[in-house]
Amino acid sequence: MELLGDQEDSEWRDTVQLHKEEKMLLRYYLFEGLRYVWLARKGAFCRVSVLNEDWTCSDLHSFQNGLSPLEQSSRRHIYGPNLIDVPVKSYMRLLVEEVLNPFYVFQVFSITLWMVDKYYYYASCIFLISVLSISISLYEIHKVSLKNKSVIDAVLTVSMELVPGDCLVIPQEGLLLPCDAALLAGECMVNESMLTGESVPVLKTPLPASEGRYSSDSERRHTLFCGTQLIQAKGRGTGGTGAIAVVTSTGFFTAKGDLISSILYPQPINFRFYRDAAKFLLFLGFVALIGTIYSFIATVLELVIRTLDIVTIVVPPALPAAITTGTIYAQRRLKRQGVFCISPPRINVCGKISLFCFDKTGTLTEEGLDVWGVMEVGPTGFSELVSEPRLLPRGPMLYGLACCHTVALLGGQPLGDPLELKMIESTGWGDQTELDSAFGGYRVLAVMRPPAQQLQAEGTCPGEAMAIIRRFPFSSALQRMSVVTVAPGGHPALAFIKGSPEMVASLCLKETVPAQFSSILRTFASDGFRVLALGHKTLDGKMDLKTVERLRDMQFLGLLVMKNLVKPESAGVINTLRLAQLRTVMVTGEGCFTLVFSHPQLFAVPFFHMDSFPGMGGLSLMGLFPPQGLYQNGFAYHLAINGKSFAALCDHFPEYLPKVLMRATVYARMAPDQKTQLVKELQKLNISLTFSLLCSCSYRVGMCGDGANDCGALRAADVGVSLSEAEASVASPFTSKSDNISCVPLLIREGRCSLVTSFSLFRYMALYSLIQFCSVLILYTMKTNLGDLQFLFFDMFLVTLLAILMGTGGPSEELYPRRPPASLLALPVLGSLLIHTSMIVLGQLAALFVTISQDWYIPLNSTKSGAENLPNMEDTCVFALSGFQYIIMAIVVTKGYPHKKPLYHNVAFFCVLLVLLALMSWLVLYPGPVIGKLLQLYNISDMNFKMLLVALAALNLLVCFLFEVCI
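Cut-off values and rules
- Here the residue index of a chain counts from 1 through its sequence in written order.
- Predicted model: local features are reported for residues with pLDDT of at least 70 only, side-chain atom pairs are reported and counted for 80 or more only, and whole-chain, interface and lining totals are derived from all residues.
- Each side-chain value is worked out from all heavy atoms of the structure, with water and hydrogens disregarded.
- UniProt positions are given in the numbering used here, feature names are shortened, and annotations may be inferred rather than shown by experiment.
- Note on terminology: a nonpolar core comprises buried Ala, Val, Leu, Ile, Met, Phe, Trp, Tyr and Cys residues joined through side-chain atoms within 4.5 Å.
- For each residue, the accessible area found with a 1.4 Å probe, counting protein chains only, is set against the maximum for its type, and the residue is called buried under 20%, exposed over 50%, and partly exposed in between.
- Working definition: helices are DSSP H or I runs of at least four residues, strands are E runs of at least two. Numbering for both runs from the N terminus.
- Where each domain begins and ends follows an automated or database-derived domain assignment.
- Residue contacts follow a heavy-atom distance rule, with two residues in contact if any of their heavy atoms lie within 4.5 Å.
- Angular values range over 0 to 180 degrees, each being the angle between N-to-C directions of two axes fitted as lines to C-alpha atoms, with helices fitted over their stretch in contact.
- Helix crossings fall into two classes, left-handed where the near helix is turned counterclockwise from the far one by less than a right angle and right-handed where it is turned clockwise.
- Note on residue classes: Ala, Val, Leu, Ile, Met, Phe, Trp, Tyr, Cys and Pro are nonpolar, Asp, Glu, Lys and Arg are charged, and everything else, Gly too, is polar.
- The salt bridge criterion pairs a side-chain nitrogen of Lys or Arg with a carboxyl oxygen of Asp or Glu, the two atoms within 4 Å.
- Classification of ring pairs rests on two measures: the distance between centres of Phe, Tyr or Trp rings, Trp counted by its six-membered ring, which must be within 6.5 Å, and the angle between planes, read as stacked under 30 degrees, edge-to-face over 60 and tilted in between.
- Charge over a ring is defined by NZ of Lys or CZ of Arg lying within 6 Å of the ring centre and within 35 degrees of the ring normal.

- In the nomenclature of an unreviewed UniProt entry, the protein corresponds to ATPase cation transporting 13A2 from the organism Myripristis murdjan.
- Taken verbatim from the UniProt record of the protein, the Subcellular location (unreviewed entry) comment is "Membrane".
- Per its UniProt entry, the protein bears the Sequence similarities (unreviewed entry) comment "Belongs to the cation transport ATPase (P-type) (TC 3.A.3) family. Type V subfamily."

Right, dumping it as structure tokens:
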């Protein structure tokens, strides 16, 4: 819109009026569901979301009164409808698009040419197969489109009138959110499993009214995301009935829209195999054009026909479809074993994985935690471990365990983080929320009461309770959560904090932290426990509790010790990957010591722990790379670093980042966005580093997580594996029904098998074209050609059948250290094709020269050309040997050890090979009058000559097989 650009940025924060009276032009276009508008001040089309990207948290609070009708109408014209639409194309449009596919365009061209050249049978068969293929393709595409639309329509009941800036009142019973919105007042319990895969409901709290720029990523705990289920909402104030939120994004600009867009419009896969395949097709086309100089044709029309015919022979139109066969079979095998794939091309990428990252909790270890005990701080330091927190005396430590959480009641059942549920259960206290004025008129979020028997034993009034009036949910970036509580009877308010021991200790007064804090923490970590710390602070009675923020200078209370067990499958899988020389990396939000020492079965070598960098009070960066290297006493010392160190590396020491990445095995205290950044940095690694752990020309990174906080990393990785069956699995190319990492070696084995199969099929289809190319050129020089049914026999009954069954071979049972190649233009591959092509040419020429040298040889009638010269001796001998060569090449290129099972394990393919060898031997030795006439074969009575052709084919097989083994 022309006049949009004339307004200042600040004007966009509130509203943009098209005009009161004058008509104004809005220039925009839609691309992949996103609206782009013209901004004159930028001189370009920009995403419409740029108009509200500078909103501050304070700006959002100013929208609590809603938009005027004029403002709402203006924004609706600019932003468009709040709609996430999955287009379902009609059959006619799909047909046009499918027929215009280069594959089918080439098919139509080829069929037309074959009809002109009087290959009626062959052209008719190819035409019927193409029609059947198009019909199946149209049906499948239309079915998937309808399924996607029904799923999205079911998930999103979209209010199309909503625009950024609209104010929403969320009812207490909750709803399915139709947009992204910032929570301004009240609290909401939200099920975000469709975005994160985490089944545990998340508590959302009001957005602070600060002047900082609003971002849904940084303010995730205050943002309600489109498509998530709001289970329950609580208002603010004694008369509040619901929560208040303001719309921040609509349509495809929401978190759900971004997820749907990634499914509908996936990023192209940058894989060398696919790039080389296109280059090789161009090379084959060039070979075809060179081959036309051998076409000794009398007329210009025949020259054109013969030239185009050679092009259709050398560049097989079925090649792109053939090389996906192995991927399709691998996808089916994975599905049978509980691994689902929404991006089949990624299966081949699995075969080149160099490194796999693993989340810890829920992925390598069990999801649940059990309370092991509590260590409270006393006058002389830590007291003895209390295994039953309910036995603690009434005081701040017990109150903190009972109240410092975000658990909420829904239908009388507590909902929240499993860790917090276990913590509350260990105290014996319960949530008995009462919305009354018994606590000084504050809006109560939860009321925690001790068990009745404890009250009776202590002679305490049954009304004794603690009310939670403010909550600051756990943040991965802050590594803590906190609450503000009040008690009846005029007691002062208490604030509690719970989080990582290091973070809590840093926020507490130093004199309250025991001197043995670090040693105790290290002891628990080395024994495999997860440790949380608690602190508290008594608040000044004059403080406004409704506006209190996160606090500092607190009193250290003690440690909560919990046990997290490693899943029984994890150690074996990690060891399997290491034996296959695949790097394994752990990425989590927990502390380094807990990870390194708590799970020794996951780590085979000692670790060099790095907590900080220069400028942060830590050790010297150059100390990471001493002259003697990171080797001592025969061990390779890998690095274990935390999120703060990783951030410092990225921001201040990028030149050292690759070296650290090549050694670091544990990344602790990593925020979700840091996990994503780590995956991207690993993908950029320069493998030419002198102390590289792997010799490879590419670095493909895999990521395995349970869906919680891992979605960004799963989508960024070359291969993402989600162990969550929630809807968030759509963010990952692969989803496993099992809750352990045993699917990772399976996926890599299937990926290697699929990649080797794709290589084999590509080479086979290329050699099939070259075999036929040689046959046609040789026969053209003799002024003849293969017959219509001879072409049909080779293409349909030999090549197609072999190509279909070649990909059914399964993967090897073991992972080998050597990865399969991914380049079709590598010297071994090109050398193999060159040698096999040479053997093909020599074999067919030998058959022709042996035939010509026979006493009974009768030359062709030179007055005819092409198929009109059939049957003849030259065609029959070339037909015999080339038929064997199609089978020989299938045997030679199928050798896939060590990444595939031996050929004889593929029973169907092995049996078909034997049948086809027997069939070709029969056609050469004694085809019979009927079959001989049908295939236009010359009846040669010399059995010794026929046996010589079979022996020549056997020699061809032996030589090609030996060359393949040597290469």
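### Examining the nonpolar core
Next up, step 1: Core analysis: the largest hydrophobic core is formed by 77 residues, its most contacted members being Tyr764 and Leu802.
Next up, step 2: A per-element tally of this core places helix 25 (residues 743-781) first, with 18 residues.
Next up, step 3: Among the domains, domain 2 (91-154) and domain 3 (272-338 + 748-966) are the pair contributing at least three residues each to this core.
Next up, step 4: Leu802 has contacts with Tyr764, Tyr886, Ile887, Ala890, Phe909, Val912, Leu913 and Leu916, leaving out every residue within four places of it along the chain.
Next up, step 5: In this structure, Val486, Val504, Leu539 and Leu545 belong to the second largest nonpolar core, which totals 32 residues.

### Quick notes on the packing of helix 25 against helix 27 (residues 827-852)
What describes two packed helices is the angle between their axes and the distance between those same axes.
Next up, step 1: In contact at an axis separation of 10 Å, helix 25 and helix 27 are set at 30° when each is read in the N-to-C sense. For helix 25 against helix 27, the interelement crossing comes out right-handed. For the pair helix 25 and helix 27, contact is made by Phe759, Arg763, Leu767, Leu770, Ile771, Cys774, Ser775 and Ile778 and by Val829, Ser832, Leu833, His836, Thr837, Ile840, Val841, Gln844, Leu845 and Leu848, respectively.
Next up, step 2: In terms of residue class, the contact of helix 25 with helix 27 is made up of 12 nonpolar, five polar and one charged.

### What to know about the pattern of salt bridges
Next up, step 1: The tally for this structure, following the rule as stated, stands at 13 salt bridges.
Next up, step 2: Here Asp370 makes a salt bridge to Lys422, at a shortest N to O gap of 3.4 Å. In this pair, Asp370 is assigned in strand 14 (residues 370-378) and Lys422 in helix 15 (residues 418-427), connecting sequence segments 52 residues apart.
Next up, step 3: For Arg763, the salt bridge goes to Glu964, with nearest N and O atoms at 2.8 Å. Residue Arg763 is located in helix 25, and its partner Glu964 is located in helix 31 (residues 943-966); the two are separated by 201 residues in the primary sequence.
Next up, step 4: Overall, Arg763 belongs to the buried group, its relative accessible area being 9%.
Next up, step 5: Residue Glu964 is classed as buried on the basis of its relative accessible area of 10%.

### A look at the packing of aromatic side chains
Next up, step 1: Applying the stated criterion across every chain yields a total of 19 aromatic pairs.
Next up, step 2: Relative to Phe794, the ring of Phe793 lies with its centre 5.9 Å away and its plane at 50°, an arrangement referred to as tilted. Accessibility assignment for this pair places Phe793 and Phe794 in one class, buried.
Next up, step 3: Following the ring pairs from residue to residue traces out a cluster consisting of Tyr768, Phe793, Phe794, Phe797, Phe879 and Tyr886.
Next up, step 4: Of note, Arg35 hangs over the ring of Tyr28, and the distance from its end group to the ring centre comes to 3.9 Å.
Next up, step 5: Sitting over the face of the ring of Phe529, Lys563 holds its NZ or CZ atom 4.7 Å from the ring centroid.

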